[in-house]
Amino acid sequence: MKSALITGVTGQDGSYLAEFLLEKGYKVYGLRRRTSTPNYENVQAIKDQIEWISGDLTDLPSLIEAVRIADPDEVYNLAAQSYVAASWPQPILTGNITALSVTNMLEAVRIVKPTARFYQASSSEMFGKVLEVPQKETTPFYPRSPYGVAKVYGHWITVNYRESFDMFACSGILFNHESPRRGLEFVTRKITDGVARIKLGLQNELRLGNLDALRDWGFAGDYIKAMWLMLQQDTPEDFVISTEETHSVREFLEVAFSYVGLNYEDYVVLDPKFVRPAEVDLLIGDCTKAKEKLGWKQEVNFTQLVHMMVDEDIKRVQAEARYANAMALS
Ligand code: NDP
Ligand code: GDR
């Protein structure tokens, strides 16, 4: 039985990856950090199948202990301060977790189990300012946020450990990927949650920032398969994972609102609070290398993704409303 250690297992990608690896017969160890109110929402269905290890990405001793306990064949380093907008008000925290802590994780693996295969969650945010379209593995980086800068560090330190210590370490440069488990502050989920609340009469407007930003949006459940495929290769390499299509925030709004018979222009309010100090205007990835070498391909397209997220949010908001009504009557 193979074993895998996942950091960030309670997040969107970690939860899908854990389910995928459990189905493949892996023993899955999940690193969880201490919080005063633990949140297992994404992993509720598999919580008892995960071997939980306490630790924090910023705390090297806890990571050394985690690798010692798990003795993993594969390590997936998904934990991060992953919200770009929060990286301006919290640049040091973002640097500590999203950048420097990648070295903590690599050190823990190098010290305890250097033969383990290591996956680093790199990001299309590293491309930032548009220098080439579409973006691929050889496109230069020009990050536009403290988050993007931190991810560039995480990316290069992973390359460096591969080259310095001959470790099987690789980075997936993943473009935006979404799902019903996406955090509520990210624009896609903010929109689908808003659509559900507006449709059910619980909200009457949706406040957003830049509607012209273009993103290459895929489904998280497809993307975690690429992470696994990268660690099954003969040699460690970095891969872009994307859908090769780009859509604006405005297009996402159109598809989401029209799906429930509404016009987004009647509800969306532009709010400068959500406009960023520097923006990534256009992301579209070329994942030819992944298609050819990994045999990876996306299964869920843009419209299916938006509809899936709206459907799930309507179900969830309805259930919450029913519960609130029942509590009010009891
Ligand atoms: P999420 O924000 O959903 O999950 C982040 C996870 O990291 C959570 O489990 C969180 O734990 C954990 N975490 C944060 N800080 C620490 C810490 N100090 N110690 C231990 N755990 C910590 O992110 P996603 O699942 O969307 O993304 C996974 C990774 O992929 C991230 O590194 C992200 O930056 C990167 N990425 C994501 C893309 C996307 O479109 N989703 C695209 C490209 C890269 P807790 O539950 O306690 O908060
Ligand atoms: P992003 O995702 O920054 O691409 O990072 P996000 O959904 O936050 O923003 C996408 C685009 O939408 C615009 N936008 C808004 N965004 C948010 N969150 N809220 C709003 O109200 C709003 N209005 C407009 C943004 O300006 C931006 O252009 C995600 C994260 O998952 C990262 O961790 C990951 O590395 C990258 O994707 C690839």
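Residues numbered from 1 in each chain as written. Chains lettered and ligands numbered in written order. Predicted model: local features only at pLDDT ≥ 70, side-chain atom pairs only at ≥ 80, totals over all residues.

### Observations regarding the site of ligand 2
Phase 1: For ligand 2, the set of nearby residues contains 22 residues, the closest of which are Val-84, Ser-123, Val-187, Gly-209 and Ala-213.
Phase 2: For the shell around ligand 2, the element with the highest residue contribution is helix α5 (residues 187-199), accounting for 3 residues.
Phase 3: Two domains each donate at least three residues to the shell around ligand 2, and these are domain 1 (3-178 + 216-241) and domain 2 (187-214 + 248-281 + 300-329). (Near = placed C-beta within 6 Å. Helix = DSSP H or I, 4+ residues; strand = E, 2+ residues; numbered from the N terminus. Domains from an automatic or database assignment.)

### Details of the nonpolar core
Phase 1: Core analysis: the largest hydrophobic core is formed by 89 residues, its most contacted members being Leu-5, Ile-6, Phe-118, Ala-226 and Ile-241.
Phase 2: Counting contributing residues per domain, this core is built from domain 1 (3-178 + 216-241) and domain 2 (187-214 + 248-281 + 300-329), each supplying no fewer than three.
Phase 3: Discounting residues that sit within four places of it in the chain, Ile-6 has contacts with Gly-14, Leu-17, Ala-18, Val-28, Gly-30, Leu-31, Tyr-76 and Leu-78. (Core = buried A, V, L, I, M, F, W, Y, C linked by C-beta atoms within 7 Å. Buried ≥ 20, exposed ≤ 12 C-beta atoms within 10 Å, placed from the backbone. Contact = placed C-beta atoms within 7 Å.)

### As for the sheet that holds strand β5 (residues 117-123)
Phase 1: The parallel open sheet is built from 7 strands, whose spatial order is β3-β2-β1-β4-β5-β6-β11. Two strands lie at the open edges of the sheet, namely β3 (51-54) and β11 (239-241), each paired on one side alone. Across this sheet, the average inter-strand angle for adjacent strands is 25 degrees, counted without regard to direction.
Phase 2: The sheet contact formed by strand β2 (residues 27-32) and β3 spans 4 bridges and is parallel. Across the sheet, Tyr-29 pairs through a bridge with Glu-51, a residue of β3.
Phase 3: Each of β4 (74-77), β5, β6 (169-174) and β11 touches helix α6 (residues 220-231); the most contacted strand, β6, lies at about 155 degrees to it. (Pairing = 2+ DSSP bridges. Axes fitted to C-alpha atoms, helices over the stretch in contact; angles between N-to-C directions.)

### Some words on the UniProt feature "domain: NAD(P)-binding" (unreviewed entry) in the protein chain
Phase 1: Residues annotated by UniProt as "domain: NAD(P)-binding" (unreviewed entry) correspond here to residues 5-309.
Phase 2: End-to-end, the C-alpha atoms of residues 5-309 are 28 Å apart, and along that stretch the chain is 38% helix and 15% strand. (UniProt positions renumbered as here; feature names shortened; annotations may be inferred.)

### Let's talk about the domain arrangement of the protein chain
Phase 1: Considered domain by domain, the protein chain is made up of domain 1 (3-178 + 216-241) and domain 2 (187-214 + 248-281 + 300-329).
Phase 2: For domain 1 versus domain 2, the separation of C-alpha centres amounts to 28 Å.
Phase 3: Of the residues lining the interface, 11 residues belong to domain 1; the matching set on domain 2 comes to 12 residues.

### Quick word on the confidence of the model for the protein chain
Phase 1: Model confidence for the protein chain is summarised by a mean pLDDT of 98, while 100% of its residues fall at 70 or above.
Phase 2: In the predicted assembly, ipTM is 0.99 and pTM is 0.98. (pLDDT = per-residue confidence, 0-100.)

### Focus: the environment of Thr-103
Phase 1: Topologically, Thr-103 is positioned in helix α3 (residues 91-112).
Phase 2: Judged by the 17 C-beta atoms lying within 10 Å of it, Thr-103 falls in the partly exposed class.

### Topic: the site of ligand 1
Phase 1: Around ligand 1, the structure places 26 residues, and the nearest of them are Gly-8, Gly-11, Ala-79, Ala-80 and Ala-121.
Phase 2: Listed by contribution, the elements that provide at least two residues to the shell around ligand 1 are α1 (12-23) and β5.
Phase 3: When residues of the shell around ligand 1 are assigned to their parent elements, the largest contribution, 3 residues, is made by α1.

### Structural notes on unusual backbone geometry
Excluding glycine, most residues fall at negative phi; most peptide bonds, likewise, are trans.
Phase 1: Note that the residue after Val-133, namely Pro-134, is joined by a cis bond; omega there is -10 degrees.
Phase 2: Locating Pro-134 in the fold gives a position in the loop between β5 and α4 (146-165).
Phase 3: At Asp-166, a residue that is not glycine, the phi angle is positive and equals roughly 60 degrees.
Phase 4: Note on placement: Asp-166 falls in the loop between α4 and β6.

### Some details on the packing of α3 against α4
Phase 1: At a minimum axis distance of 8 Å, the contact between α3 and α4 shows a crossing angle of 15 degrees. What the angle tells us is that α3 and α4 run roughly parallel. Handedness of the α3/α4 crossing: right-handed. For the pair α3 and α4, contact is made by Pro-91, Thr-94, Gly-95, Thr-98, Ala-99, Val-102, Thr-103, Leu-106 and Arg-110 and by Pro-146, Tyr-147, Ala-150, Lys-151, Tyr-153, Gly-154, Ile-157, Thr-158, Tyr-161 and Phe-165, respectively.
Phase 2: The residue makeup of the contact of α3 with α4, split by class, is 11 nonpolar, 6 polar and 2 charged. (Parallel < 35°, antiparallel > 145°, perpendicular 65-115°, else oblique. Left-handed = near helix turned anticlockwise from the far one by under 90°. Nonpolar A, V, L, I, M, F, W, Y, C, P; charged D, E, K, R; others polar.)

### Structural notes on the packing of α5 against helix α7 (residues 249-259)
Phase 1: With their axes 10 Å apart at the nearest point, α5 and α7 run at an angle of 30 degrees to one another. As far as their axial angle goes, α7 and α5 are roughly parallel. Our pair here, α5 against α7, has a crossing hand that is right-handed. Between α5 and α7, the residues in contact are Val-187, Thr-188, Ile-191, Thr-192 and Val-195 and Val-249, Phe-252, Leu-253, Ala-256 and Phe-257, respectively.
Phase 2: Residues belonging to the contact of α5 with α7 are distributed by class as follows: 8 nonpolar, 2 polar and no charged.

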